[in-house]
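Understanding the architecture of this molecule
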Amino acid sequence: MKKVGNHKSFSKIFFSLAFVLVTSLSAFSQDAAKGKELFNANCAACHKLDGKATGPALRDVAAKYDKEWLYKWIKNSGELIKSGDAQAVKVFEENNKVPMTAFPQLSNEDIDNILAYTSEPAPAAPAVVPGAPVAGEATADSGVSNNVILGVLSLVMMMLVVMLFLVNNMLTKIAGAKGLEVAQKDRSIMNIFKAYAKNQFLVLVSAILLLLVSAYFAYGWMMQIGVDQGYEPVQPIHYSHRIHAGENGIDCKYCHSAARVGKHSNIPSLNVCMNCHKNISEVAETTATEEYSKAFYDGEIAKLYDAVGWDKSLQKYTGKTKPVKWVRIHNLPDHVYFNHSQHVTVAGVECQTCHGPVEEMEIMKQHAPLTMGWCINCHRETNVKVEDNAYYKKIHEELSKKYGVSQLTAAQMGGLECGKCHY
């Protein structure tokens, strides 16, 4: 999208980018734990260590510039640019000439601590243990599949039919060997049906099989009630996650800030939208797709201005606002408790784990089924992160000895207790 003027989120990008440019040779005087706290407080909204978010990935990029220069840049980049410093001007121009907020309150030690955290080696990928459950697959103790039960019952029915046929042939041969005349029965459909109706065993088995098959399909149908996977409603103002979270790399938690600190992930207010769109009244030509033209996107921005009461020509608010009736997509039953902050902040779960590749979605939709079984499988397969988390330290040590493992899953830590989600 076309970006002009001051953009608050980009100031954080430059701030965090400048942090990671300090050399890691002074690691002996740095505290990575304190650096992590500072990183989470100032950088995490726009950066990840190992993946692109609003800004670039920050791991292992701490040795590009002179440390003393970086101290000056972080504390007052504007002054450094005005002084004509060639390196400062280059960085400023490479990032679309967006001014960076000055941070004079940060000490050199604070910057060193953040860089110590970003310079830590990436954790090794967990080894795949033969026979261990693969993410997304049901574990061995998750119960016998309904398909298996139905298959076994069908096999039993077929075996009974074959046994009856063999017994009939055997009796016919015995009667022939003894010279007994076997009366030929009328094998018309009606007579066969009458004979079947008189056989109480066959009627009982058939009734049981019919009930089981009916119950199987009825259960499958009823279990889909309230499961809105793939739900993709049209919103009153078209919002493209592909453009915002994908092309522009805006972190999910910049707009949905309550997900970090509260139970619910909030619907962003229009004021959050205006942080950027106060100066972005139209999109770039390259933003358009075959399905959505530049005129379409510009028209949706006009709807935003109309709703928030912004006069583009006068560059001021009129005070006349209109409520936007957003259509809710993700909705859990009232008897289910789910806390976003517990998963996002404490557990460090990425938004895409539950909501799918949001950065690729033109129209937001429900990616996961959000069923009880889906949540339980996640608790069974996800290890609890106890690093730098004193709350879990003692209980993790005790349960690790009990189960004889080095890593505990959420289930082993009590994640399958009914009261965790229903109380």
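For the structure given in this document, a descriptive report is provided here. Worth saying up front: this structure is predicted, and the values here are computed from it rather than measured.

Criteria and cut-off values
- Residues numbered from 1 in each chain as written.
- Predicted model: local features only at pLDDT ≥ 70, side-chain atom pairs only at ≥ 80, totals over all residues.
- Heavy atoms only, no water.
- Helix = DSSP H or I, 4+ residues; strand = E, 2+ residues; numbered from the N terminus.
- Contact = heavy atoms within 4.5 Å.
- Areas by Shrake-Rupley, 256 points an atom, 1.4 Å probe, with all protein chains shown as cover.
- Core = buried A, V, L, I, M, F, W, Y, C linked by side-chain atoms within 4.5 Å.
- Buried < 20%, exposed > 50% of the residue type's maximum accessible area, 1.4 Å probe, protein only.
- Axes fitted to C-alpha atoms, helices over the stretch in contact; angles between N-to-C directions.
- Parallel < 35°, antiparallel > 145°, perpendicular 65-115°, else oblique.
- Left-handed = near helix turned anticlockwise from the far one by under 90°.
- Nonpolar A, V, L, I, M, F, W, Y, C, P; charged D, E, K, R; others polar.
- Phe/Tyr/Trp six-rings, centres within 6.5 Å; stacked < 30°, edge-to-face > 60°.
- Patch = residues over 30% accessible without salt bridge, like charges linked within 9 Å, V, L, I, M, F, W, Y side chains within 5 Å.
- Salt bridge = Lys/Arg side-chain N within 4 Å of Asp/Glu carboxyl O.
- Polar contact = N/O pair within 3.5 Å; in protein donor to acceptor, adjacent residues only side chain to side chain.
- Disulfide = S-S within 2.5 Å.

**A look at the overall build of the chain**
Counting its secondary structure elements, the chain contains 19 helices and two strands. Taking as baseline every contact in the chain between residues at least 6 positions apart, the subset at least 24 positions apart corresponds to 71%. Carbon and sulfur atoms form 60% of the exposed surface of the chain, whose accessible area is close to 27,200 Å².

**Observations concerning the nonpolar core**
Judged by nonpolar contacts, the single largest core of 14 residues is most densely connected at Leu-270, Met-274, Tyr-297, Tyr-305, Val-308, Trp-310 and Val-324. Secondary-structure elements contributing two or more residues to this core are α12 (270–277) and α13 (294–308). Beyond its immediate sequence surroundings of up to four residues, Tyr-297 is in contact with His-238, Ser-240, Arg-242, Ile-243, Val-283, Thr-287, Ala-288, Thr-289, Tyr-292 and Glu-362. Trp-69, Leu-70, Met-100 and Leu-106 belong to the second largest nonpolar core, which has 13 residues in total.

**A few points about the packing of helix α7 (residues 146–177) against helix α9 (residues 200–222)**
Following both chains from N to C, one finds α7 and α9 inclined at 160°, their axes separated by 11 Å at the closest point. Considering their axes alone, α7 and α9 lie roughly antiparallel with respect to each other. The interaxial crossing formed by α7 with α9 has left-handed handedness. Contacts between α7 and α9 involve Asn-146, Asn-147, Leu-150, Leu-153, Met-157, Leu-160 and Leu-164 from the first element and Phe-201, Leu-202, Val-205, Ser-206, Leu-209, Leu-212, Val-213, Tyr-216 and Tyr-219 from the second. For the contact of α7 with α9, the per-class residue count stands at 13 nonpolar, three polar and no charged.

**Focus: the packing of aromatic side chains**
For any pair of aromatic rings, the description rests on two quantities: the centre-to-centre distance and the angle between the ring planes. Considering all chains together, one arrives at five aromatic pairs under this definition. On the numbers, 6.1 Å between centres and 40° between planes, the contact of Tyr-292 with Tyr-297 is tilted. In this pair, the class of Tyr-292 matches that of Tyr-297, namely buried. Measuring from centroid to centroid gives 4.8 Å for Trp-310 and Tyr-317, while their planes differ by 65°, and the two rings are edge-to-face. Site record: aromatic cluster; members linked through ring pairs are Tyr-292, Phe-296 and Tyr-297.

**Some remarks on a nonpolar patch on the surface**
Side chains of Val-167, Met-170, Leu-171 and Ile-174 sit close together on the surface and give an oily, nonpolar patch of about 390 Å² of accessible area. One can find Leu-171 in helix α7. Given a relative accessible area of 55%, Leu-171 falls into the exposed group.

**Regarding unusual backbone geometry**
You will see that Gln-315, though not glycine, has its phi angle at about 55°, which is positive. Here Leu-370, not a glycine, exhibits a phi torsion of approximately 60°, which is positive. Following the sequence through the fold, Leu-370 ends up in the loop between α15 (351–355) and α16 (372–381).

**Focus on the side chain of His-238**
Examined against the element boundaries, His-238 turns out to sit in the loop between α9 and α10 (241–247). Within the structure, the side chain of His-238 is placed 2.8 Å from the side chain of Glu-362, a separation counted as a polar contact. Ignoring any residue separated from it by four or fewer positions in sequence, one finds His-238 in contact with Tyr-292, Phe-296, Tyr-297, Glu-300, Glu-362 and Ile-363.

**Side note on the pattern of salt bridges**
One side chain can pair with another of opposite charge once the charged atoms of both are near each other. This model, assessed by the stated rule, comprises seven salt bridges. Two residues, Lys-303 and Glu-300, come together in a salt bridge whose shortest N-O distance is 3.2 Å. With Lys-303 and Glu-300 both in helix α13 and three residues apart, the pair spans about one turn of that helix. Given a relative accessible area of 9%, Glu-300 falls into the buried group.

**A closer look at the side chain of Thr-409**
Looking at the element boundaries, Thr-409 is found in the loop between α17 (390–403) and α18 (411–415). With sequence-adjacent residues up to four places away left out, Thr-409 is seen in contact with His-379, Arg-380, Thr-382, Asn-383 and Val-384.

**Quick word on the packing of helix α8 (residues 189–198) against α9**
Relative orientation of the contacting elements α8 and α9 amounts to 85°, with a least axis distance of 5 Å. It follows from the interaxial angle that α8 and α9 lie roughly perpendicular. Listed contacts from α9 to Tyr-196, Ala-197 and Lys-198 of α8 are Gln-200, Leu-202, Val-203 and Ser-206. For the contact of α8 with α9, the class distribution of residues is four nonpolar, two polar and one charged.

**Considering the state of the cysteines**
Counted under the stated rule, the structure contains zero disulfides. You can see Cys-273 has no disulfide; the closest cysteine sulfur is in Cys-255, sitting 6.8 Å from it. There is no disulfide at Cys-375, and the cysteine sulfur nearest it, in Cys-421, is 6.8 Å away. Note on Cys-375: relative accessible area 33%, which makes it partly exposed.

**Side note on the environment of Val-213**
For Val-213, the position within the fold is in helix α9. For Val-213, a relative accessible area of 27% corresponds to the partly exposed category. In the structure, Val-213 is positioned 59 residues away from Ser-154 in sequence and 9.6 Å away in space, judged by C-alpha atoms.

Nothing here speaks to function; it is all geometry.
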